[in-house]
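# Summary of the model geometry
Spelled out from the first residue to the last, the chains are:
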Amino acid sequence: MNGIVKLCSLIVTCVLFVPVAWAADFKIIAHRSVPATSLTRNELQAIFLGEMSRWDDGKPIRIVVLEEGPVHQSFLQSVLAKSPSQFETYWNKRVFTGKGSAPKAFAEMAEAVDYVGSHPGTIGYVAAAQRVGSIKTISMK
Amino acid sequence: MRMPLACITALVASLTVFCSAAGAVELEGVDIHGFVSQGFIKTTKQNNFPVSNSGQGSFNFNDFGINFSKEVTPDLHVGVQLFAFDRGNYGRDKIIVDWAYGDYRFKDWLGFRAGKVKIPLGLYNDARDNDALRTFIFLPQQAYFDYERDSLVAILGGAVYGSLPMGAAGTLNYQLEVGAVPAVSDGGFAKEIGGMVGDLNITDISSKTSVAHSLEWRTPVPGLRALVTGLHTTLSGTAAVDPTQNRDGLDGSATWKYDSLHRYLFSAEYSYQDLVLSGEYELDDYTLHADYSNGTTVPFNSKQATDSWCVMATYRLNNWFEVGSFYHEVYADRHHRDGSTFAEFNLLRPENMWWKDTALTLRFDPIRHMVLKVEGHYINGNYEIIENFAGAKSDWYIFATKATFTF
């Protein structure tokens, strides 16, 4: 009985805190023209699902994502509550119903950093340890 | 296969092979995407569903599509998708414009679309043409009826849509579409109507102004969303006696009306990591009328009140393998679920009035842009069967496989 209680406690702990642990694995980066300095999880969700299309200054939002890997998985799960395959299917549904174009995806984080740094209005994510130079980082509220 | 379809298939296949790793082709700012899907289906010999000759085993089971879209400005998009599918006696690989519209997003909470717009019914209707976008080959049939996909999946007209953030309460996404339902007289839906009013061949279909709506609530609980969607339409037209199917002794022609269809779907979906659980409940109310020109046949009038529900679960075990299952029940008369409504008139067997479908699917993604599926259904009842209804077995199976290539 005691073992079952411990097992249940472990499962509940994992369910509640794994997303928080994942959240530490990545950081949000953006082009220096982006006016936001911090975003809520709901705002990030709306941005990466294509529902929020403009920054507060009216400029269009562009998003970039990673193609695969643990950082990609960590970001999607903790911010969007989606697995990589669910996220890909979500955007493919938009593509095949004419509701949007899939976000630009990069295999290498350095490529994503370069792209974000050179395209106004762009937001993305990379590993927390990734060097991003003078590119803006955005905190999660 | 007609020449234009052969060209489209060759184009899609070529682009699939040569497309970039990102999965899209871009020409002069125009994004091009497509899919080719070919399957094989075998059902219990007497039950041809939803492919007309599936009882014998059939390859008349395919879907092809290609779309072109362009971002004219960040707020203005235009696009078109050409689509063809074959299910034996309907579809027949005839190329149609699946959707084609201009989309102007004035604000995130208010956008406009005009053209041919897919109807956002339930979790799957607007994206059901591309097999790669879901786990299952066949979705629960009452909500996503294969015979209706040539007629009740899009609206010709206009739409408004938007996204409303509600802070801690989540997000609301809405769509409202108004226009005409572009039903066709030589399609699967026409077969359905013709069968219901006395084995007639539908010769003309038109719709009154129709409305479709969708309200999605993405809740504050991560991975949980709920939808209420609906379609409201009236269709009418003419029909002629089919001499090869005339079991009711009719002659001449008829006028018919599929009156005041009110279809509602209530859907919920919860995803936790690689597990997705979902459920849907559907209500259909409409009245079917037919008047026959011979002057002797009593006019047909039938008020329909059907409902259905389903529960679905999918789990992705790794990058290349996913398993899914669902259970689905449909009742022709939700007020008499035992099938007694028509049985008491000795018209139909009780099991003709329901449909209980248990499905299991294995999905494989061996490489990017390629999906293979194997699926089995055990079904009790045959309410959804349209062709050769009289001789259908009440306990039967569907076995289907499909290979889909997409870019």
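Before any of the text, the structure's been laid out above.
One structure accompanies this document, and this report is about it. (Residues numbered from 1 in each chain as written. Chains lettered and ligands numbered in written order. Predicted model: local features only at pLDDT ≥ 70, side-chain atom pairs only at ≥ 80, totals over all residues.)

### Topic: the overall build of chain B
When helices and strands are tallied, chain B shows 3 helices and 18 strands. For chain B, whose C-alpha radius of gyration is 21 Å, the value lies close to the compact-globule estimate of 22 Å for 407 residues. A principal-axis box enclosing the C-alpha atoms of chain B has dimensions of 65 × 50 × 40 Å. Per-residue burial for chain B yields a buried fraction of 45% across its 407 residues. (Helix = DSSP H or I, 4+ residues; strand = E, 2+ residues; numbered from the N terminus. Rg over C-alpha atoms; globule rule 2.2 N^0.38 Å. Buried ≥ 20, exposed ≤ 12 C-beta atoms within 10 Å, placed from the backbone.)

### Digging into the nonpolar core
Counting 80 residues, the largest nonpolar core has B:I119, B:I193, B:V197, B:A254 and B:W354 as the members making the most contacts within it. The next biggest cluster of nonpolar side chains, apart from the first, holds 31 residues, and it includes A:I29, A:I61, A:F87 and A:V113. (Core = buried A, V, L, I, M, F, W, Y, C linked by C-beta atoms within 7 Å.)

### A short note on the interface of chain B and chain A
Tallying the contact residues gives 29 residues for chain B and 23 residues for chain A. Every element with two or more residues in the side of chain B that touches chain A is listed here: β2 (30-43), β3 (62-73), β4 (76-86), β5 (96-107), β7 (154-165) and β8 (171-180) of chain B. For the side of chain B that touches chain A, a count of residues per class yields 9 nonpolar, 12 polar and 8 charged. (Contact = placed C-beta atoms within 7 Å. Nonpolar A, V, L, I, M, F, W, Y, C, P; charged D, E, K, R; others polar.)

### Regarding the sheet that holds strand β5 (residues 122-127) of chain A
All names here are of chain A. A sheet is described by the order of its strands in space; here 6 strands give the open sequence β2-β6-β1-β5-β3-β4, paired in mixed fashion. The open sheet has two edge strands with one neighbour each: β2 (38-39) and β4 (104-106). As defined by bridge partners, strand β1 (residues 26-30) adjoins β5 across 5 bridges and the pair is classed as antiparallel. Of the residues in β5, the one forming a bridge with A30 is I123. Set on the sheet, helix α5 (residues 109-118) makes contact with β1, β3 (62-66), β4 and β5; between it and β5 the angle comes to about 155 degrees. (Pairing = 2+ DSSP bridges. Axes fitted to C-alpha atoms, helices over the stretch in contact; angles between N-to-C directions.)

### Describing the pairing of strand β18 (residues 395-406) of chain B
Residue and element names in this part refer to chain B. On β18, burial follows the alternation: W396, I398, A400, K402, T404 and T406 on one face are buried, whereas D395, Y397, F399, T401, A403 and F405 on the facing-out side are not. Of the pairings in the sheet, the one linking β2 to β18 comprises 9 bridges and is antiparallel in character. Opposite G39, over in β18, you have K402 as the bridge partner. Bridge analysis of strand β17 (residues 370-380) against β18 gives 11 bridges, and the strand direction is antiparallel. In the strand pairing of β18, K373 is matched with K402.

Just distances and angles here, no functional claims.
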